[in-house]
Amino acid sequence: MSADNGASQAKVLRVETMNPRIRVMEYAVRGAIPIRAEELAAELKASPGSRPFSKVTPCNIGNPQQLGQKPLTFLRQVSALMEYSDLLSPALLEQTRKLFPEDAIARAQRNLSHVNGAVGAYTQSLGIHEIREDVARFIEQRDGFPADPNSICLTNGASGAVERVLDILVSSPDVGVMIPIPQYPLYTASLAHLDAKAVPYYLQEESDWQLSVADLERALGEARAGGVDVRALVVINPGNPTGGCLEEANIEEVVRFCERERLVLLADEVYQTNIYTETNPFVSFKKVVSRLKSPVELFSFHSISKGMVGECGRRGGYYEAVNIDSQVMAQLLKLASVSLCPNVQGQMAVGVMVNPPQPGDASYEQYQRELGDIYQSMRRRAKKLALAFNSLPNMSCNDAQGAMYLFPKIELPQAFIDEAQSLGQQPDGLYCMRMLEATGISVVPGSGFGQAPGTFHFRSTFLPSEELFDEFIAGFRSFHLDFVARYAASQQ
Ligand SMILES: Cc1ncc(COP(=O)(O)O)c(C=O)c1O
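Residues numbered from 1 in each chain as written. Predicted model: local features only at pLDDT ≥ 70, side-chain atom pairs only at ≥ 80, totals over all residues.

Engineer: Even after reading the chapter, I still don't get the UniProt feature "domain: Aminotransferase class I/classII large" (unreviewed entry) in the chain, so can you show me in this structure?
Structural biologist: Taking the numbering used here, the UniProt-annotated feature "domain: Aminotransferase class I/classII large" (unreviewed entry) corresponds to residues 98–470. Across residues 98–470 one finds 44% helix and 17% strand; the C-alpha atoms that close the span lie 40 Å apart. (UniProt positions renumbered as here; feature names shortened; annotations may be inferred. Helix = DSSP H or I, 4+ residues; strand = E, 2+ residues; numbered from the N terminus.)

Here's what the structure looks like:
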């Protein structure tokens, strides 16, 4: 071997030799702006006062606890007891009863009994059977139609579920999956990874981001005419990044469209409890498929990351498969078994989300109060931020009917668009980068989600805590007013 240990030789694994499908993947929610935001946060830590703002505000991602949202006490009590199960031993149980409510102790004991007392052991590949039974009961109570625990698969977050389902759907590079624009970039990234085609359809900004079946037909027709084997349709309801909630009649039209066009339906319903509108309450695709007795093949997704639970880091989620061929179900089981099992605490947290304390249980009132406080606060913040955006020049924004985001439209001056293009940047990307450098607020440019051609947006969560919300809005407002004034002056 040469003296430099072969260091002068090119590495075997280089960007040019790596999997090209990963090279082309993009995921703006953690893209250039959040990366710069992390650098700024490190800089502020090392030298406080070095920037015109005192902290970085990460509004780029729906990660509520990062911005101070308190976890639900019952969920944490159960997971603490499971994690250190000695607290449930006869020697310590009396002490434990002084610190933990009876129902948290009972739930931890019940959960531990499902895994033979071992939270550190692999579980069944689809997830713990009893938790899947709880999920099935939750779906039955929500929809009024039966659900089968064997059609439910617990996963590491909804992301793991979506990736698994796309993996089984994509059989060749000709396969296409219809995705909404704007969309949550998990879909474009996963399709790029699988070398499949994203077939975009457009949500209607002027009608609160509703879904137009005419546009589905247009998108499908164009893709099929171009030789794409379109197999599935993704709907995100409530929408990310749009915050739109679909009307039940619209959901029915989508189900009928998928039946007619022989498409598998993927319903991403992770924001199903983040609903702030009275007019469009959440209705699941499963309910509509069941009510219509539709043969449509459906996968629906849910997660502990969103709602009021907000336990993103615990990575818990599931999919429910409806009307899926039994041999494909066996293949899905095989696929799940290759990665052994989803993480156990994530599974247990799914169990708490779908089977919370009931009336009469020691924790019922506290659980409901915590849930209600988080919900009301999110609702207030959603409204307040939309009002603030709509009060500004060159900016308009639909109210969030659901989810955790606003997706305002910005009118960018031509001089600024030219400037961005001369720098080789997306105009909305440059706008967001300038916002970050001026205010410390990190948001995601609309180009990261897709947007109607010629329009510009950004996505901001409304998750900064209420105590800090006015300061957050003031920082943004002063940046935007400066921006508008500067380019107005340069155009005179
Ligand atoms: C629409 C949508 N689907 C899926 C996910 C993934 O969630 P999880 O944390 O459960 O993987 C997110 C996360 O933001 C999302 O917004």
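Engineer: How do you make sense of the environment of Thr-461 when you look at a structure like this?
Structural biologist: Tracing the backbone through its elements, the reader meets Thr-461 in strand β15 (residues 456–461). Judged by local crowding, Thr-461 falls into the buried class, with 27 C-beta atoms found within 10 Å. The sequence separation of Thr-461 and Pro-146 amounts to 315 residues, and the corresponding C-alpha distance is 35 Å. With residues near it in sequence (within four places) discarded, Thr-461 still touches Cys-59, Ile-61, Gly-62, Met-404 and Tyr-405. (Buried ≥ 20, exposed ≤ 12 C-beta atoms within 10 Å, placed from the backbone. Contact = placed C-beta atoms within 7 Å.)

Engineer: Sorry, what's going on with the domain arrangement of the chain here?
Structural biologist: How big an interface is tends to be stated in terms of accessible area lost as the parts join. Here the chain is partitioned into domain 1 (31–60 + 368–491) and domain 2 (129–354). A C-alpha centroid distance of 28 Å is found between domain 1 and domain 2. Contact with domain 1, which involves 23 residues of that partner, is made by 25 residues of domain 2. Among the elements of the structure, α14 (364–390) and β11 (405–406) are those that each provide at least two residues to the side of domain 1 that touches domain 2. Looking at which element gives the most residues to the side of domain 1 that touches domain 2, the answer is α14, with 6 residues. For the side of domain 1 that touches domain 2, a count of residues per class yields 13 nonpolar, 7 polar and 3 charged. (Domains from an automatic or database assignment. Nonpolar A, V, L, I, M, F, W, Y, C, P; charged D, E, K, R; others polar.)

Engineer: How should the pairing of strand β4 (residues 197–204) be read in this particular structure?
Structural biologist: Within a regular strand, the side chains alternate between the two sheet faces. Pairing geometry for strand β3 (residues 175–181) and β4, over 6 bridges, is parallel. When the bridges of β4 are listed, Pro-180 appears paired with Tyr-201. Note on the crossover from β3 through helix α8 (residues 186–193) to β4: the handedness is right-handed. Bridging between β4 and strand β5 (residues 210–211) involves 2 bridges; their strand directions are antiparallel. Residue pairing in the sheet places Leu-203 in a bridge with Leu-211 of β5. (Pairing = 2+ DSSP bridges. Right-handed = clockwise from strand over helix to strand, strands pointing away.)

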